[in-house]
Amino acid sequence: MKFHEMPVEDLKKSLSTDFENGLSNEEVKKRRKQHGFNELQEGEKQSALLLFFSQFKDFMVLVLLGATFISGILGEYVDAIAIMAIVLINGVLGFFQERKAEKSLQALKELSAPQVTVLRNGEWEKIPSKEVVPGDIVKFTSGDRIGADLRIIEAKSLEIEESALTGESVPVEKNVSPIREQKLSIGDMHNMAFMGTLVTRGSGVGVVVSVGMKTAMGQIADLLQTAESMMTPLQRRLEELGKILIIAALLLTALVVVVGVIQGHDLYTMFFAGVSLAVAAIPEGLPAIVTVALSLGVQKMIKRKAIVRKLPAVETLGCASVICSDKTGTMTQNKMTVTKLWSGGKTWDVTGQGYEPRGEFLQGERSVQIKEEKAFQQLLSFGMLCNHAELKYDGDQYHLDGDPTEGAMLIAAMKAGYTRDSLQKQFRIVHEFPFDSDRKMMSVVVEDPNGKKFVVTKGAPDVLLKVSDSILYDNKLQYFSDSHRKTVVGAIESMAQDALRTIAVAYRPLSNGTYPLHEAEAEKDLTLIGLQGMIDPPRPEVREAVKECKKAGIQTVMITGDHVSTAKAIAKQLGILSSQHIVLEGHQLNDMSVEELEDVVEKTAVFARVSPEHKLKIVKAFQNRGHIVAMTGDGVNDAPAIKAADIGVAMGITGTDVAKEASSLVLLDDNFTTIKAAIEEGRNIYENIRKFIRYLLASNVGEILVMLFAMLLALPLPLVPIQILWVNLVTDGLPAMALGLDPSEDDVMNRKPRHPKEGVFARGLGWKVVSRGFLIGLVTLIAFMIAYQGQDDRLAYAQTVAFATLVMAQLIHVFDCRSDHSVFARNPFENKYLIGAVLSSLVLMFIVIYYPPLQPVFHTVAIDVKDWLFITGLAAIPTFVWVGSHFTRKTK
Ligand code: ATP
């Protein structure tokens, strides 16, 4: 018999599992051994060896290797071996860089690996979905992605969307009844839930029947090849630019060779020099360094509690101009406590701290007893019945499991002495209509010991007002008159203005023992019992973050399902809402087209009582106004807006799998401040990438120009091939990497957001590359000419001086690259990696110049202190010659 044919009871035996306690650890181990991990096999990865060899596949590197090989055969052993060694070291470095890039991408993927809730050793726990074994009992709810193939054993209004397997995007209703048919297609197995499918509504429990490649998903292997492109816009632009740079470098080196030959140099020497120059000047490592810089940025963001799921987001973050953020939990602490109750015109205050279920009820100054008031009894007890939250005590502290709004209501009822067990004995729950952000309500159907059934509903008061036709007033059932309505609205308004979140509780007795199966049928003609008002204090750090965003040209917008007055009160406290702003509500959005919304969207600071589908409209309106939008969300219905936003942000704690999968950024702490931190990092990473592009290209321009100038002036080669390759390896490599780790400039959050279409050479970068590069080439040439003095016996000395000048000029210039303003704008010792890189480059240069065994290899001779003074002076020019203009700009 197949699993879908079995009655639930038979599953226990057939899978040897226990529905009350789940599997034990030993049992899990045994089953893991038998069935393996719950993983789908991935395609073959590139082997390390292949990756290593791929470092040498560049055309010019191959030409260089070929030429070196020939020169070796012709007897130039030392040169040949040295060049081979440098190319090899370069390859090894490239290999490690790419490996690191690959590993961090892999780590990124693992960070966002799915989790499931399983019952093990009698306790529910969250574990990586990979660790599930057949026989495990798994709990899932709306927004979860199913982690393995399950036979459903409990279902509450459960609907699952199975398009990943069947292509059918309409969710299927699921239940637990066995289906007595052997051959069934996946779409017809209403009591099974399959790996990779999505819970769109309700909740359920299932027992795992198959894992890994044995699941229905595992059997359609092609589906796994859906890897998304992880290239960022900048990387794509760099790839384009790379092609142009290669052509430019090749043309220029060809020019060097041609001019050199015309001026009388022999072809062999010029060819060798040209090829080395081309290898040095082509920034082949750029894409890998960019990936490493991006992934280092990702690591930094993780430290600040933001996980980037898609690498391009790192860059887009720096362009963000609007953050649309949920209120509850993101801007507020989501630690709710009921502080006010209202029923039948009376207001009670509730005292007590945090989650501790102890407190008093006060009417004015007078302490009141719950026994005195039937309406308040129902307000609290029904609030506890229509509720999933659980309070746990670990001997030291109380912990809340579940939705904080429900937690607050649970604790309020406990303060009045109610316990869930005794209540549920009195009122058995027979059905549930789960909460969703569109309806803004939740209901249960309960049955009392006489078999009488009631609908008990709790939800947003304005919504409940619309579906109530009577009210408990003075402990009597009364027709809902206009004056009642006014009083209730007044009570809601007064609580909301104190920034309290309000929830109303209502009920309806059902006749003839049956109950409606659809929520619209159940949630009508209700009797309103009263209101519970709860505080949810703002997170203290958000106010400052909002202020910083404002300075950074980023608008903060609050988007909330909460009541407009509650939202306004909190938005004001956080500095989001000012007198120039307007507030829009969900019902107003319904009546507006996206175009109409565009006209006012930039003035709107708060969107209240919105449903998830409004979020998409808001994202579009902002985007049509040219904004780059970050949008937060947590529920299933938030996914479209998260996807449509330029930066979709999901909550790490409260977010559903669906929201996380749609997002490009996950906030580990659900905190608004983390979005700001990620934007700051995003901006900084981009600036760092610009810094090392500037440094590398200016260095390359300098290297080419010194050779070209020398050829034009009919001078000997100012640098020999091995020196050029050394410069490429040492000074271009280490300091460039260190620039990728540069701390952010103080004013990075004082600038306007970057335009997303901004080119690589924007904001003067192109000019800086050319002008600094030109000067680096020029001073190196001057140093060479002064040292050479037209005497061939001074050639090795002059080449050493030129080599040292080029290196020094680059190592000084690297500090200039740290700021768009000037070399003085920043403390040069701030970046310890850069100091380390520069010092090691210097030491390596000294070794090459002074270590006798290496002198013949690098064609160097020892030079003295006087030479160094002269070299350093010249080398400082390309960086310091601009300082004057910096000060004139500053004093303007
Ligand atoms: P945000 O969008 O900022 O997170 P929110 O939590 O208020 O705000 P929703 O979760 O969509 O947004 O809730 C909308 C409204 O539904 C709330 O203001 C509240 O009145 C009501 N509500 C929230 N949680 C529940 C619940 N568990 N049961 C019944 N009603 C609820």
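Numbering of residues starts from 1 in every chain and runs along the sequence as written. The predicted origin of the model limits local features to residues at a pLDDT of at least 70 and limits the giving and counting of side-chain atom pairs to 80 or more, whereas totals for whole chains, interfaces and linings rest on all residues. As a convention, hydrogens and water are excluded, and side-chain values are obtained from all of the structure's heavy atoms.

Per an unreviewed UniProt entry, the protein goes by Calcium-translocating P-type ATPase, SERCA-type and derives from Bacillus carboniphilus. UniProt, in its Sequence similarities (unreviewed entry) section for the protein, records the words "Belongs to the cation transport ATPase (P-type) (TC 3.A.3) family. Type IIA subfamily." UniProt positions are given in the numbering used here, feature names are shortened, and annotations may be inferred rather than shown by experiment.

A. Local environment of a negative patch on the surface. Taken together, Asp591, Glu595, Glu596 and Asp599 make up a surface patch of like negative charges. Relative to the helices and strands, Glu596 resides in helix H21 (residues 594–601). Every patch collects residues that have over 30% relative accessible area and no salt bridge, joining them within 9 Å if they carry like charges and within 5 Å if they are nonpolar side chains (Val, Leu, Ile, Met, Phe, Trp, Tyr). Working definition of accessibility: Shrake-Rupley area with a 1.4 Å probe, residue cover restricted to the visible protein chains. Any Lys or Arg side-chain nitrogen found within 4 Å of a carboxyl oxygen on Asp or Glu counts as a salt bridge. A residue counts as positive if it is Lys or Arg and as negative if it is Asp or Glu; His and the chain ends are not included. Charge placement uses NZ in Lys and CZ in Arg. For Asp and Glu, CG and CD serve respectively. In DSSP terms, a helix is any run of H or I states spanning at least four residues, a strand is any run of E spanning at least two, and both are numbered starting from the N terminus.

B. Structural detail: the packing of aromatic side chains. We call Phe, Tyr and Trp rings a pair once their centres come within 6.5 Å, taking the six-membered ring for Trp, and we label the pair stacked below 30 degrees between planes, edge-to-face above 60, and tilted otherwise. By the definition in use, this model includes 16 aromatic pairs. Relative to Phe95, the ring of Phe52 lies with its centre 5.9 Å away and its plane at 80 degrees, an arrangement referred to as edge-to-face. Of this pair, Phe52 sits in helix H3 (residues 48–54) while Phe95 sits in helix H5 (residues 77–111), placing them 43 residues apart in sequence. Using a 1.4 Å probe on the protein chains alone, a residue whose accessible area is under 20% of its type maximum counts as buried, one over 50% counts as exposed, and one in between counts as partly exposed. Owing to a relative accessible area of 11%, Phe95 belongs among the buried residues under this scheme. Relative to Tyr398, the ring of Tyr393 lies with its centre 4.5 Å away and its plane at 35 degrees, an arrangement referred to as tilted. Residue Tyr398 is classed as partly exposed on the basis of its relative accessible area of 22%. Lysine and arginine charges are scored as sitting over a ring when NZ or CZ, respectively, is within 6 Å of the ring centre and within 35 degrees of the ring normal. Across from the ring centre of Phe37, 5.0 Å away, lies the NZ or CZ of Lys130, which sits over that ring. Geometry around Phe454 places Lys452 over its ring, the cationic atom sitting 5.9 Å from the centre.

C. Expanded view of the site of the ligand. Near the ligand, the surroundings consist of 19 residues, among which Lys327, Thr328, Asp403, Glu406 and Arg501 are the closest. Identification of polar contacts relies on pairs of N or O atoms within 3.5 Å, with a donor-acceptor requirement for protein atoms, meaning one able to donate a hydrogen and the other able to accept it, and with residues adjacent in sequence counted only if both atoms are side-chain atoms. Between the ligand and Asp562 there is a distance of 3.1 Å, counted from an oxygen atom to a side-chain nitrogen or oxygen. Contact with the protein chains covers 91% of the free accessible surface of the ligand, which is 600 Å². With three residues, strand S21 (residues 501–510) is the largest single contributor of residues to the shell around the ligand. For the shell around the ligand, the class distribution of residues is four nonpolar, six polar and nine charged. Formed jointly, the shell around the ligand draws a minimum of three residues from each of two domains, domain 4 (306–332 + 540–670) and domain 5 (337–535). Nearness is judged by heavy atoms alone; a residue qualifies as near a molecule or strand once a single heavy atom is within 4 Å of it. Charged means Asp, Glu, Lys or Arg here, nonpolar means Ala, Val, Leu, Ile, Met, Phe, Trp, Tyr, Cys or Pro, and polar covers whatever is left, Gly included. What fixes the domain bounds is an automatic or database domain assignment.

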